[in-house]
Amino acid sequence: METGTMGETGGPAWVGLPGGLLTLRRTLLVIWTVLLAVVTAVGTGLTLGPAWAVLGVFWLLVLAWGWVLLGRNWRSWRYAERADDLLISRGVLWREETVVPYGRMQLVEVTSGPLERRFGLASVQLHTAAAASDAKIPGLVPAEAERLRDRLTALGEARSAGL
């Protein structure tokens, strides 16, 4: 007995996220870690003595570590549109793959906060009947997010008509 989406050859056609999301996250990382490094260096230098200002280097190590981890996390995000459902895969250590059948989608919305708009990004949020199964695809180009929203909405309406 076969399971899953029928009529496809090979595996799903995965689409990765654009680089704007990685740029946004790395920019925030640099801003926060440099700010914390300066505050730590100045604070410890003034209260404990100049030699203790070296503790600010800790945050620069966090910056280097976070830079690598953000890159790995960004590369792990991908999605695939199949005939009957949408697949969303993410995670480096703990892989998570979400399958959202088109007929179960109740609402598809495109959101873009102030930082996302500044970097030319938008997120697609999928809502289903089960609150725990809501899925999100962050960091898309707004045109792609709107195209995906329109396609998922049309497919959701077509698939749920028989329910």
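Reading guide: rules and limits
- Residues numbered from 1 in each chain as written.
- Predicted model: local features only at pLDDT ≥ 70, side-chain atom pairs only at ≥ 80, totals over all residues.
- Heavy atoms only, no water.
- Phe/Tyr/Trp six-rings, centres within 6.5 Å; stacked < 30°, edge-to-face > 60°.
- Buried < 20%, exposed > 50% of the residue type's maximum accessible area, 1.4 Å probe, protein only.
- Lys NZ or Arg CZ within 6 Å of the ring centre and 35° of its normal.
- Patch = residues over 30% accessible without salt bridge, like charges linked within 9 Å, V, L, I, M, F, W, Y side chains within 5 Å.
- Areas by Shrake-Rupley, 256 points an atom, 1.4 Å probe, with all protein chains shown as cover.
- Salt bridge = Lys/Arg side-chain N within 4 Å of Asp/Glu carboxyl O.
- Helix = DSSP H or I, 4+ residues; strand = E, 2+ residues; numbered from the N terminus.
- Expected span 1.5 Å × (residues − 1).
- Contact = heavy atoms within 4.5 Å.
- UniProt positions renumbered as here; feature names shortened; annotations may be inferred.
- Pairing = 2+ DSSP bridges.
- Axes fitted to C-alpha atoms, helices over the stretch in contact; angles between N-to-C directions.
- Core = buried A, V, L, I, M, F, W, Y, C linked by side-chain atoms within 4.5 Å.

In the nomenclature of an unreviewed UniProt entry, the protein is known as Membrane protein YdbS with pleckstrin-like domain of Streptomyces avidinii.

Peer 1: I'm lost on the packing of aromatic side chains in this one. Help?
Peer 2: Counted under the stated rule, the structure contains one aromatic pair. Look at Phe 58 and Trp 59: their rings are 4.9 Å apart centre to centre, the planes differ by 75°, and that puts the pair in the edge-to-face class. When its relative accessible area of 24% is taken as the criterion, Trp 59 is described as partly exposed. The aromatic ring of Trp 14 is capped on one face by Arg 78, whose charged end is 4.1 Å from the ring centroid.

Peer 1: Explain a nonpolar patch on the surface here, please?
Peer 2: The grouping of Val 30, Val 34, Val 38, Val 42, Leu 46, Val 54, Val 57, Leu 60, Leu 61, Trp 67 and Val 68 at the surface amounts to a nonpolar patch, some 990 Å² of accessible area in total. Those elements that place two or more of their residues in the nonpolar patch are helix 1 (20-48) and helix 2 (57-76). By the secondary structure assignment, Val 34 is in helix 1. Using a relative accessible area of 36% as the deciding quantity, one classes Val 34 as partly exposed.

Peer 1: So what exactly am I meant to see when it comes to helix 2 here?
Peer 2: Helical periodicity: at 3.6 residues per turn, an α-helix aligns residues three or four positions apart in one direction. Taking 1.5 Å of rise per residue, 20 residues should cover 28 Å, and helix 2 covers 29 Å from first to last C-alpha, within 8% of that figure. Inspection of helix 2 places Leu 63, Gly 66, Gly 71, Trp 74 and Ser 76 among the buried residues, and these make up the whole buried set. Residues of helix 2 that are buried sit in contact with helix 1, strand 2 (78-81) and strand 3 (85-90).

Peer 1: I keep staring at the UniProt feature "transmembrane region" (unreviewed entry) in the protein and nothing clicks. Help me out?
Peer 2: Taking the numbering used here, the UniProt-annotated feature "transmembrane region" (unreviewed entry) corresponds to residues 27-46 and 52-70. Annotated as residues 27-46, this span is 100% helix and 0% strand, and its ends, taken at the C-alpha atoms, are 28 Å apart. Taken end to end, residues 52-70 is 74% helix and 0% strand, and its first and last C-alpha atoms sit 29 Å apart.

Peer 1: Which parts of the structure should I look at to understand the sheet that holds strand 7 (residues 135-140)?
Peer 2: Strand pairing in a sheet takes place through backbone hydrogen bonds and is either antiparallel or parallel in direction. Pairing within the open sheet is antiparallel, and its three strands lie in the order 5-6-7. Lying at the two open borders of the sheet, with one neighbouring strand each, are strand 5 (105-111) and strand 7. Strand-to-strand twist across the sheet, computed as the mean angle between neighbouring axes with direction ignored, equals 15°. Judged from the six bridges that link them, strand 5 and strand 6 (residues 122-128) form a sheet pairing that is antiparallel. Residue pairing for strand 6: Met 105 is matched across the bridge by Thr 128.

Peer 1: How do you make sense of the pattern of salt bridges when you look at a structure like this?
Peer 2: Note that side chains of opposite charge can pair when their charged atoms are close. One pass over the structure, following the stated rule, counts six salt bridges. Among the salt bridges present, the one from Glu 81 reaches Arg 147, with a minimum N-O distance of 2.7 Å. A residue pair is termed long-range when its members are at least 10 positions apart, and Glu 81 in strand 2 and Arg 147 in helix 4 (residues 142-160) qualify at 66 residues. Since its relative accessible area comes to 34%, Arg 147 is described here as partly exposed. Between Glu 96 and Arg 90 there is a salt bridge, and its shortest N-O distance comes to 2.7 Å. Members of the salt-bridge network, linked through shared partners, are Glu 81, Glu 144, Arg 147 and Arg 151.

Peer 1: I tried to follow the pairing of strand 4 (residues 96-101) on my own but got confused; where do I start?
Peer 2: Residues in a regular strand point their side chains to alternate faces of the sheet. In this sheet, strand 4 lies alongside strand 3 in antiparallel orientation, the contact comprising six bridges. Within the sheet, the bridge partner assigned to Arg 90 lies in strand 4 and is Glu 96. If you look at the hairpin formed by strand 3 and strand 4, you'll find five residues sitting between the two strands, and Gly 91 has a positive phi there, around 105°.

Peer 1: Would you take a moment to explain the nonpolar core for this structure?
Peer 2: Generally speaking, nonpolar side chains in soluble globular proteins are found buried as a group. Counting 24 residues, the largest nonpolar core has Leu 86, Ile 88, Met 105, Leu 126, Ile 137, Leu 140 and Leu 152 as its most contacted members. For this core, the elements supplying multiple residues, two or more each, are helix 1, strand 3, strand 5, strand 6, strand 7 and helix 4. Filtering out sequence-adjacent residues up to four positions away, Met 105 remains in contact with Leu 86, Val 100, Leu 126, His 127, Thr 128 and Leu 152.

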